[in-house]
Amino acid sequence: MRSVIAAGGYTLFAVVVTYPLVWHLGTSLPGMPFGDQTQYLWCIDTFWTQLLAGESPFHTDRVLYPVGANLMHTGLAPFVSLFAWPIWTQPVLYLGLAVPASLVLAALGMRALVARLTGSVLAGTIAGCFYAFSPVVLSLTDSSHYYKVVSAALLPWGLDALVAFLRAPRTRTIVALSVVTWSLVFTDYYETVLFLVFVAVVGIPSLRRRHLPLVGAALAANLALVFAATRWVFPPLDTSDLMSGGATFWTHSTINLADLFVPSSANPLLGALGRFAFDRPNGDVDSYYLGCGVLVLAVLAFGRQRPREMVPLAVAGLILTMLACGTAVRAGTTVLLTEAKTPWFWLVQLPYLDILDLPRCFVLGTQLVLATLAGTGLARLLAVPGRRRLVLIGAATIFALEYGQVGMRLYALTVPAVYHRLAALPDRTLLEVPSGVTESKMVFGYDLSRPSNNEQMYFQTIHRKRRVGGYLSRIPRSTYRWFDSQPVIGDIFMLANPTWNAASWIWESRPRVTRLPDYPPEVVDRFIDVLDLGYVLVQPSSRQPLFAENIDRLLAGRIASRDVDPDGFVLYVLDRGGEVRIGRGAR
């Protein structure tokens, strides 16, 4: 019964911190406008579209057609998508429910972990608030990193299973540990690595002879699963063809140690102090304030009769904090460590880890450890006779003062009418201009006009046509090179490409394109056939006249209709043997 009451209280907190989401479920999502929300919606739709069609959800040609995309390279997060059934056709509603639900599950997980470590359910209940409703976790929510919020819900349950196994090795506890680890693998790459740091630092030194039989069996079973999955389920994954974050990301997509002591600007009482922050990130984790009172409670965890897991947990937290600093450890304006002197430098030397490019995401591990230690310290205070009420009032005051947040910005999704019109047309490939082969680091064929390439991914869940363009978290060089090698689409992408950023190997091999060449008819026909092209959509922008003039000339004699809709989109429908029956105008 107490767990139900705790869940109810956490649910109320989740509603308050994400307010007014509760009134906009199905139409809006929490977080900054034009974040990664639309990409996540596309992932949910693609997962179930592929699965229900009897195809692998780990590869698709819905985008970057006809090359397609290996979704093992991207943030597909099948664990998150799996629970969208039976409302996967309403992904906005699903994510709107999943985010606050993750906050509740994160709080319950921390509650269970601290209760196991200390025996105090009450201390665990308060620690759940210190974790799930901390500036770090709420900043991840507000910056639209939903997969990391889901990971935040999984992590304390994983630590709880690890502690349970170390204290009393049983089959069910190591199975639970394996399940959480696999869930993280299928949710977020960064937080999987973070969790493995905990397993290595906390788990490995604590192993004794009595653990070894179950550890050996679990390793064998999980390696067998890896072998089976990589051989029969997952498409081949060649990470050497992917681009790493490099020095630009590793030195700037980081936390500043001084900001651990600067309150979140969202705090209604202390928010004005946020102006003293040094390196507020560009939309990934806006605040990682730890809280002075919470730190005091954490220090109290190191008494004489502390749980034996406290020291290794603290060590893991320090390691993760240093990793979150990337290859430039800063405290205010002072640079403490750089390059080879930092843990991050050596982490990304390991196989498959050089593609990590956002060190600051590891600060979630800092908060996980801090809340665990604070809950343990609080349990010690609650055990002192006659001080229970005073301690509870103090803990509530610390939470309200340092972590208090009411409300969060929302992003209302709108779909231009032209995409609804496309939904009613026959199944052919759609080329949007500008669009292209794009990700967070490299751009080929896109110029930052709106709708963004991220939004275009979401619009596919409406019109359901294959797309030539695509925005994914990681795209291999081979995909860029394929489009670059094609005589027409490569030129279109170069025409649309901005001058501020591009794949350097493409810029070096091709001249700037300011006007499409006059191709022989057979070249244009091959371009249309290879892409199975049915539609070209030129979206409103300052360069729309340039794009439209070039498309008019390129497709001359092959256009069934050319319409400009009230929103300013220019839609070309190609003549593909009389199969298209349309009326004029977009409604």
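Here, the structure is the one placed above.
The present account deals with the structure reproduced in this document. Note that the structure is predicted; figures quoted are calculated from it, not measured.

Observations concerning the packing of aromatic side chains
For the coordinates displayed, the defined rule picks out 26 aromatic pairs. Residues F13 and F133 carry aromatic rings whose centres are separated by 5.5 Å and whose planes lie at 55° to one another, so their mutual orientation is tilted. Residue F13 is found in helix α1 (residues 2–17), and its partner F133 is found in the loop between α5 (121–132) and α6 (135–142); the two are separated by 120 residues along the sequence. Among the residues examined, F13 registers a relative accessible area of 33% and is labelled partly exposed. According to the relative accessible area criterion, F133 is buried, its value standing at 1%. For the ring pair F130 and F399, a centre distance of 6.3 Å and an interplane angle of 55° mean the geometry is tilted. Residue F130 is found in helix α5, and its partner F399 is found in helix α16 (residues 388–403); the two are separated by 269 residues along the sequence. Judged by relative accessible area, F130 falls into the buried class, the value being 1%.

Here we look at the packing of helix α2 (residues 37–52) against helix α18 (residues 453–463)
Packing of α2 against α18 leaves a shortest axis separation of 8 Å and a crossing angle of 35°. Seen from above, α2 lies across α18 with left-handed handedness. Side by side, α2 and α18 meet where T38, Q39, L41, W42 and D45 of the first sit next to N454, E455, M457, Y458, Q460 and T461 of the second. Residue composition of the contact of α2 with α18, by class: four nonpolar, five polar and two charged.

Description of the pairing of strand β7 (residues 429–433)
Successive residues of a regular strand alternate their side chains across the two faces of the sheet. Where burial is concerned, most of β7 is hidden: five out of the five residues are buried. Burial along β7 is two-sided: T429, L431 and V433 facing one way and L430 and E432 facing the other are all buried. Bridge count between β7 and strand β11 (residues 533–538): five bridges; the pairing is parallel. Bridging from a neighbouring strand, V433 pairs with V538 of β11.

Reading the values: the criteria
Residues numbered from 1 in each chain as written. Predicted model: local features only at pLDDT ≥ 70, side-chain atom pairs only at ≥ 80, totals over all residues. Heavy atoms only, no water. Phe/Tyr/Trp six-rings, centres within 6.5 Å; stacked < 30°, edge-to-face > 60°. Helix = DSSP H or I, 4+ residues; strand = E, 2+ residues; numbered from the N terminus. Buried < 20%, exposed > 50% of the residue type's maximum accessible area, 1.4 Å probe, protein only. Axes fitted to C-alpha atoms, helices over the stretch in contact; angles between N-to-C directions. Left-handed = near helix turned anticlockwise from the far one by under 90°. Contact = heavy atoms within 4.5 Å. Nonpolar A, V, L, I, M, F, W, Y, C, P; charged D, E, K, R; others polar. Pairing = 2+ DSSP bridges.

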